Amino acid sequence: MAAPIAARFDRVRMTRRQALGAALTAAVVVPIGAANQASAAEAADNSGPVRLTLPLPTGPYSVGTVPLHLVDRSRPDPVAGPGRYRELMASVWYPAGNVWRYPLARWMPPAALRAYIVSGGFEADVAAAPVTAGHEGAPVRRTGGRLPIIVFSHGAHDHRSDTTIVVQELASHGYVVVTVDHTYDAFSEFPDGRLTVPSLDPNNALVPSDFATDIRFVLDRIEDVAAGHNPDAEHRSLPPGLCGALDLHRVGMFGWSKGATATALVMNEDQRVRAGLSFDGPMQSDPPISADLDRPFMLMTAVFTRAAEPSVADLWSHLRGWRLNVQADGAVHSSYGDTQVLVPQLADAVGMSDEELRGWIGTLDPTRAMRIQQAYPLAFFDLHLRGRRAPLLEGPSAAFPEVTFVP
């Protein structure tokens, strides 16, 4: 799993108060809404759901998005039953043109969002999903040549929307970003209304190599799109211009927690991915990651540092190409995702104390965390997929005094 303590969250049914207490003491993230029922009761006099918001991306382009329902017929799905195969929900984000006729996409589908919130002990309607900057189905804007591609893999018991701040930022700067729900370790909703949630059955537990297999399958489907085919199981329309916009020679990947470990595994197995970025990945896998990696890899650490986690230190020793380790002071495990911005918006509504809030987001200011999320991944992929100089990655920056370069 993502880490030993994360595995305990996967395999043991803890009370909500115990889960929150463990998160506060160990800086382990659990889904939004993992405050206890007492906190929710304290906020019962508040009227209506909290209207969550996400920051706008800073790039020059509008953003489009479209969901994909993908079926891997090479992998039977014993959980779904005989004759069923591994199914994944994904989203494609991209620079868009002529967006005015296309609605903005929600952060998560309604049923998945309700399950996500209820799983942590909140009332289902405590919060309304934010809208994103992505316009559903808008045509692709061609910015000159084909567009580099980046794939995202989420963490344990999470969902593909978890780093929307980063994803829509990259898309607004001219990247195609594909996010993936790892079914049975994600809150995911399929086109026919089926809802899947993270499994608590240890027999169905997914490990980083399972995530990596999912991603390699998705990379194959991206190649299908580039070849003019539509891999969506329902054959729903793809955005105009998408097929001809993909540059299969410039592919990157990033992931958070277990998804970060999967990023390293994919890069060790698949030469298609030219650059990888880890958001606080524990780098624990079975067998351990032991192969040398000669392509660029960057660590953005918080809890799973090289000093604290031997698996991260071991991965670092196998990085033979360009490598960099940065860390934001005051960051916790979830600080490089949307949690850092969304949980503070929930805090007042659920009666969350300052101490509880620090357990969620650490002492890193949410606005500063947002800027770090927007700036550093963009600089990394600009350098390694576009060949653009990235001064931000050359040493400490006065614009980001919170960010330390770990030698």
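Chains are numbered independently. Their residues run from 1 in the order of the written sequence. Selection of residues for local features in this predicted model requires a pLDDT of at least 70, selection of side-chain atom pairs for listing and counting requires 80 or more, and totals for whole chains, interfaces and linings are taken over all residues. In computing side-chain values, all of the structure's heavy atoms are included and hydrogens and water are not.

**Student:** Is there a simple way to explain the overall build of the protein chain in this structure?
**Tutor:** Counting from the N terminus, the helices are DSSP H or I runs at least four residues long and the strands are E runs at least two residues long. A tally of regular secondary structure across the protein chain gives 11 helices and 15 strands. The cut-offs for exposure are 20% and 50% of the maximum accessible area for each residue type, with area from a 1.4 Å probe on protein chains only; residues under the lower value are buried, those over the upper are exposed, and the others partly exposed. Sorting the 407 residues of the protein chain into buried and exposed places 60% on the buried side. Any two residues whose heavy atoms approach within 4.5 Å are treated as being in contact. A separation of at least 24 residues holds for 75% of the contacts in the protein chain among residues at least 6 apart in sequence. With an accessible surface of roughly 16000 Å², the protein chain has 52% of that area assigned to carbon and sulfur atoms. The Shrake-Rupley method, run with a 1.4 Å probe sphere, supplies the accessible areas, and residue values consider only the shown protein chains as cover.

**Student:** Explain the layout of surface pockets here, please?
**Tutor:** With a probe scaled to a water molecule rolled over the atoms, the places where space remains empty come into view. What the second largest pocket holds in volume is close to 540 Å³. Elements that contribute at least two residues to the lining of the second largest pocket include exactly strand S2 (62–76), strand S3 (85–96), strand S4 (104–106) and strand S9 (188–189). Following the grouping adopted for this structure description, the nonpolar residues are Ala, Val, Leu, Ile, Met, Phe, Trp, Tyr, Cys and Pro, the charged ones are Asp, Glu, Lys and Arg, and the polar ones are all others, Gly among them. Residue composition of the lining of the second largest pocket, grouped by class: 12 nonpolar, 8 polar and 6 charged. Buriedness for pockets is judged along seven lines, at least five of which must meet protein on both sides within 12 Å for an open set on the 1 Å grid over protein atoms alone, while cavities are sets there where a 1.4 Å probe fits but cannot get out, and lining residues have an atom within 4 Å of a point. Grid points are joined across faces, edges and corners, and a volume is the space filled by probe spheres set on the points.

**Student:** Help me understand the confidence of the model for the protein chain, please; the structure alone is not making it clear to me.
**Tutor:** pLDDT is defined as a per-residue confidence score from the predictor, taking values between 0 and 100. The share of residues in the protein chain with pLDDT of 70 or more is 88%, and the mean pLDDT across the chain is 88. Across residues 1–46, where pLDDT falls below 50, the model places 102 contacts with residues more than four positions away in sequence or in other chains.

**Student:** Help me out: how do you make sense of the nonpolar core in this one?
**Tutor:** Side chains that are nonpolar tend, in soluble globular proteins, to be buried together. By convention a nonpolar core is built from buried Ala, Val, Leu, Ile, Met, Phe, Trp, Tyr and Cys residues, the set being connected through side-chain atoms within 4.5 Å. Ranked by internal contacts, the top residues of the largest apolar core, which has 47 residues, are Met283 and Phe297. Among the elements that take part in this core, helix H6 (residues 208–226) stands out by supplying 7 residues, more than any other. Those residues in contact with Met283 that lie beyond four places of it in its chain are Ala260, Thr261, Ala264, Ser278, Ile289, Phe297, Leu299, Ser311, Val312 and Leu315. Trp93, Tyr336, Ala375 and Ala379 belong to the second largest nonpolar core, which has 39 residues in total.

**Student:** Help me understand empty space enclosed by the protein in this model?
**Tutor:** Going through the model one piece at a time under the given rule, you end up with 4 cavities of 30 Å³ or more. Here the largest cavity is characterised by a volume of approximately 100 Å³. If you trace the largest cavity, you find it lined by Leu68, Leu70, Ala90, Val92, Val176, Val178, Val218, Arg221, Ile222, Val225, Leu242 and Leu246. Class assignment for the residues of the lining of the largest cavity results in 11 nonpolar, no polar and 1 charged.

**Student:** Can you help me understand the packing of aromatic side chains in this one?
**Tutor:** Aromatic rings considered in pairs are described by the distance between their centres and by the relative angle of their planes. Stacked, tilted and edge-to-face pairs are distinguished by plane angle, under 30 degrees for stacked and over 60 for edge-to-face with tilted covering the rest, among Phe, Tyr and Trp rings (Trp via its six-membered ring) whose centres lie within 6.5 Å. Inspection of the entire model under this criterion finds 9 aromatic pairs. Between Phe152 and Phe254, the aromatic rings sit 4.8 Å apart at their centres with planes inclined by 40 degrees, giving tilted as the arrangement. Of this pair, Phe152 sits in strand S7 (residues 147–153) while Phe254 sits in strand S11 (residues 246–256), placing them 102 residues apart in sequence. With respect to class, Phe152 is no different from Phe254; both count as buried.

**Student:** Got a minute to help me understand the pattern of salt bridges in this structure?
**Tutor:** Within this document, salt bridges are pairs made up of a side-chain nitrogen of Lys or Arg and a carboxyl oxygen of Asp or Glu, the two lying within 4 Å of each other. Inspection of every chain in the model, using the stated rule, returns 22 salt bridges. For Arg272, the salt bridge goes to Glu223, with nearest N and O atoms at 3.2 Å. With Arg272 in the loop between helix H7 (258–269) and strand S12 (273–279) and Glu223 in helix H6, this pair connects stretches of sequence that are 49 residues apart. A salt bridge links Asp382 to Arg388; its shortest N-O distance comes to 4.0 Å. Via salt bridges that share partners, Arg216, Asp220, Glu223, Glu269, Asp270 and Arg272 belong to a single interconnected network.

**Student:** Is there a simple way to think about H6 in this case?
**Tutor:** An α-helix turns once every 3.6 residues. As a result, residues three or four positions apart point the same way. For a helix, the expected span equals 1.5 Å multiplied by the number of residues minus one. Spanning 19 residues, H6 covers 27 Å between terminal C-alpha atoms, matching the ideal 27 Å at 1.5 Å per step. Of the residues making up H6, those classed as buried are Pro208, Phe211, Ala212, Asp214, Ile215, Phe217, Val218, Leu219, Ile222 and Val225. Trailing H6 by a residue or two, Gly228 shows a phi angle of about 95 degrees, which is positive.

**Student:** So what exactly am I meant to see when it comes to the pairing of S2 here?
**Tutor:** A pair of strands counts as paired when DSSP detects no fewer than two bridges linking them. Judged from the 12 bridges that link them, S2 and S3 form a sheet pairing that is antiparallel. Looking at the pairing, Leu70 lines up with Leu88 of S3. Pairing of S2 with strand S6 (residues 131–136) involves 3 bridges; the strand directions are parallel. Bridge pairing in S6 links Val63 to Gly134.

**Student:** What is the right way to look at the environment of Arg75 in this model?
**Tutor:** Residue position: Arg75 is located in strand S2. Along the chain, Arg75 and Tyr85 lie 10 residues apart, while their C-alpha atoms are 5.6 Å from each other. In this view, Arg75 contacts Tyr85, Arg86, Asp210, Thr213, Asp214 and Phe217; residues no more than four positions away in its chain are not counted. At 2.8 Å, the side chain of Arg75 and the side chain of Asp72 are in polar contact. Pairing of N or O atoms within 3.5 Å defines a polar contact, subject to two protein rules: one partner must be a possible hydrogen donor and the other a possible acceptor, and residues neighboring in sequence count only if both atoms are side-chain atoms. A distance of 2.6 Å separates a polar atom in the side chain of Arg75 from a polar atom in the side chain of Asp214.

**Student:** So what exactly am I meant to see when it comes to the sheet that holds S7 here?
**Tutor:** Strands belonging to one sheet form pairs held by backbone hydrogen bonds; the direction of such a pair is parallel or antiparallel. Spatially, S4-S6-S2-S3-S8-S7-S11-S12-S13-S14-S15 is the arrangement adopted by the 11 strands of the open sheet, whose pairing is mixed. Edge positions in the sheet fall to S4 and strand S15 (403–405), since each has one partner strand and no second. Averaged over all pairs of adjacent strands, the angle between their axes in this sheet comes to 30 degrees, without regard to strand direction. Its contacts with the sheet place H6 against S2, S3, S7, strand S8 (176–180), S11 and S12, and it is angled at close to 115 degrees to S2. Where helices are involved, their axes are fitted lines through C-alpha atoms of the stretch in contact, as for all axes, and angles between N-to-C directions lie from 0 to 180°.

**Student:** Please clarify how the packing of H6 against H7 should be interpreted in this entry.
**Tutor:** In a packed pair of helices, the relevant descriptors are the angle between the two axes and the axis-to-axis distance. Closest axis-to-axis distance for the H6/H7 pair is 8 Å, and the angle between their directions is 60 degrees. With respect to their mutual orientation, H6 and H7 come out oblique. The handedness of the crossing between H6 and H7 comes out as right-handed. Contacts between H6 and H7 involve Pro208, Ser209, Phe211, Ala212, Ile215, Arg216 and Leu219 on the former and, on the latter, Lys258, Gly259, Thr261, Ala262, Leu265, Val266 and Glu269. Class assignment of the residues belonging to the contact of H6 with H7 gives a composition of 8 nonpolar, 3 polar and 3 charged. Angles are sorted into four bins: roughly parallel if under 35 degrees, roughly antiparallel if over 145, roughly perpendicular if 65 to 115, and oblique for all others. Crossings are assigned a handedness: left-handed for a near helix turned anticlockwise from the far helix by less than a right angle, right-handed for a clockwise turn.

**Student:** Would you mind going over the side chain of Arg295 with me for this structure?
**Tutor:** Inspection of the secondary structure puts Arg295 in the loop between S12 and strand S13 (297–301). Here the side chain of Arg295 touches Met267 through a polar contact of 2.4 Å, landing on its backbone oxygen. Looking at Arg295, its side chain comes within polar contact range of the main-chain oxygen of Asp270, at 3.3 Å. Non-local contacts of Arg295, meaning those with residues more than four positions away in its chain, are made with Met267, Asp270, Gln271, Val273, Arg274 and Trp322.

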